[in-house]
Amino acid sequence: MSEEEPFTLVMFQREGLSPVPELAKRRMEEPISRLQYPIGPPVWLLTRYDDARAVLGDSDRFSNDYSKLTAGDGLEMLAEMNPGGLGFTDPPDHTRLRKMLTPEFTMRRLRRLETRIDAIITERLDAMEAEMAATGGPVDIVDLFAVPIPSLVISELLGVPYPDRAEFQKLSESRFDFLGDIMGCLAAVQDTLDYLSELVKEQRRNPGDNLLGMLVREHGDNISDEELTGLADGILIGGHETTASMLALGALHLMTEPEHAALVRDGSDKDVNAVVEELLRFLTVVQVAFPRVALEDVEIAGHTIKAGELALCSLSGANRDPKLGVNVDQVQPHRPLPSHVAFGYGLHRCVGAELGRLELRMAYPALLRRFPNLRLAVPFEDLTFRELSIVYGVEKLPVTW
């Protein structure tokens, strides 16, 4: 590849709701390509569906262990910021921790949150209505709806005290644009870990009726405070900014596609589920999976990724691969497609996927039923989308009705 061509940025670039055409070109012409980074081991970008699943599903030959990922020269600063949790551990630790956590994220267990999630959504819709009445509009969906809902749900899940929830939300918003401000991101990560560490200690002393309290009661000394902090951080990473971005971008799509909005507003649960799944694939807000380090030389589609080198799977590229079906650059609910990789794949697939789905399936219909004439208050071209971020999103989404 040419030195002038910024392939390191292609996986993060978008045009509105879609990846830039260069990513599709790379997937077709050079689906496994070398990225140029000034520090660390060689990194390979994989953009095809099958290749991404081959790497993400191979936990025997590819590692998520954070200490291995940051073992290269020049990565000392990153090595000190190990968040732990499921995302950055390998078996057997990963297997043990996931076995503890998974029962809390089954749909049966999540049902206990439905009443609270419904109340949170209603509160946010009331806030939008009050803002419109007070100012005459427009109203920002990102600020009043998309960001608070997952933040409050996770606060509820983890047992974050009510006085801390606004500050907790700010912390979790500051950690994803690290390509633009790596020092600010690292500081936010550390501040979040420090807060969660104190929260874990309090739950250890007085276990509450929340996920951390239940893990303490059920597993006691079999799970350490450090492990609990890592799990809590992983839930925050996987469930806050990602769901917030999906809520905002999904609402944007529905405002521009009346037929899909009608399915969500007036259709059956099956219709809502179909739209949600297709939006998850189409939008793929988590643009790349956590990097994997090769434990041995591995051949993927005729390329050899050598031991110690990193594989970076473009989830947005994989989910737009024509191999999945025809017209994958369009949203077509109810059509048969292979399983998307918006939540990842394999051993490290997002453990909170069902919680995210639950929030989306509840929030979209509630939004459109409360405001059936919901529409953008500014031209689409005037919207500002997040740049150089693992989690894609829109900065503000002014609406009226």
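In this text, all values refer to a predicted model and were calculated from it rather than measured experimentally. Along every chain, residues carry numbers that run from 1 in the direction the sequence is written. This being a predicted model, a pLDDT of at least 70 is required before a residue's local features are given, and a value of 80 or more before pairs of side-chain atoms are given or counted; all residues contribute to the totals for chains, interfaces and linings. By convention in this description, side-chain values take in all heavy atoms of the structure and omit both hydrogens and water.

Undergrad: Report on the pattern of salt bridges, specifying residues and quantitative values.
TA: What counts as a salt bridge is simple: a side-chain nitrogen of Lys or Arg found within 4 Å of a carboxyl oxygen of Asp or Glu. Throughout the structure, instances matching the rule amount to 25 salt bridges. Between Glu202 and Arg205 there is a salt bridge, and its shortest N-O distance comes to 2.9 Å. Here Glu202 pairs with Arg205, and both are found in helix α11 (residues 182-205), just three residues apart, close to one helical turn. For Arg205, a relative accessible area of 54% corresponds to the exposed category. A salt bridge links Glu354 to Arg357; the nearest nitrogen and oxygen atoms lie 2.9 Å apart. Here Glu354 and its partner Arg357 are both found in helix α18 (residues 353-370), three residues apart, which amounts to about one turn of the helix. Taken together, the shared-partner salt bridges connect Arg116, Glu123, Glu156 and Arg165 into one network. The helix and strand labels rest on DSSP assignments: H or I over at least four residues marks a helix, E over at least two residues marks a strand, and numbering proceeds from the N terminus. Exposure is judged per residue with a 1.4 Å probe applied to protein chains only, and the accessible area is read against the type maximum: over 50% gives exposed, under 20% gives buried, and values in between give partly exposed.

Undergrad: Before we move on, can you summarise the sheet that holds strand β6 (residues 139-140) with the specific residues and values?
TA: Two strands are said to pair when DSSP picks up at least two bridges between them. On the basis of which strands lie adjacent, the open sheet formed by three strands has the order β6-β12-β11 and antiparallel pairing. The open sheet has two edge strands, β6 and β11 (375-376), and neither has a second partner. Bridge analysis of β6 against strand β12 (residues 398-400) gives two bridges, and the strand direction is antiparallel. Pairing of Val139 across the sheet is with Val399, part of β12.

Undergrad: So what's going on with the pairing of strand β10 (residues 310-313)? Which residues, and what values?
TA: Judged by which residues are buried, β10 turns out to be covered on both faces: Leu310 and Leu312 on one side and Ala311 and Cys313 on the other are all buried. Where strand β4 (residues 43-46) lies against β10, four bridges are found, and the strand directions are parallel. Within β10, the residue paired with Leu46 across the bridge is Cys313. Judged from the two bridges that link them, strand β7 (residues 292-294) and β10 form a sheet pairing that is antiparallel. Each residue of the ladder has a partner; that of Arg292, found in β10, is Ala311.

Note that every value here comes from positions in space, so none of it alone points to a role or purpose.
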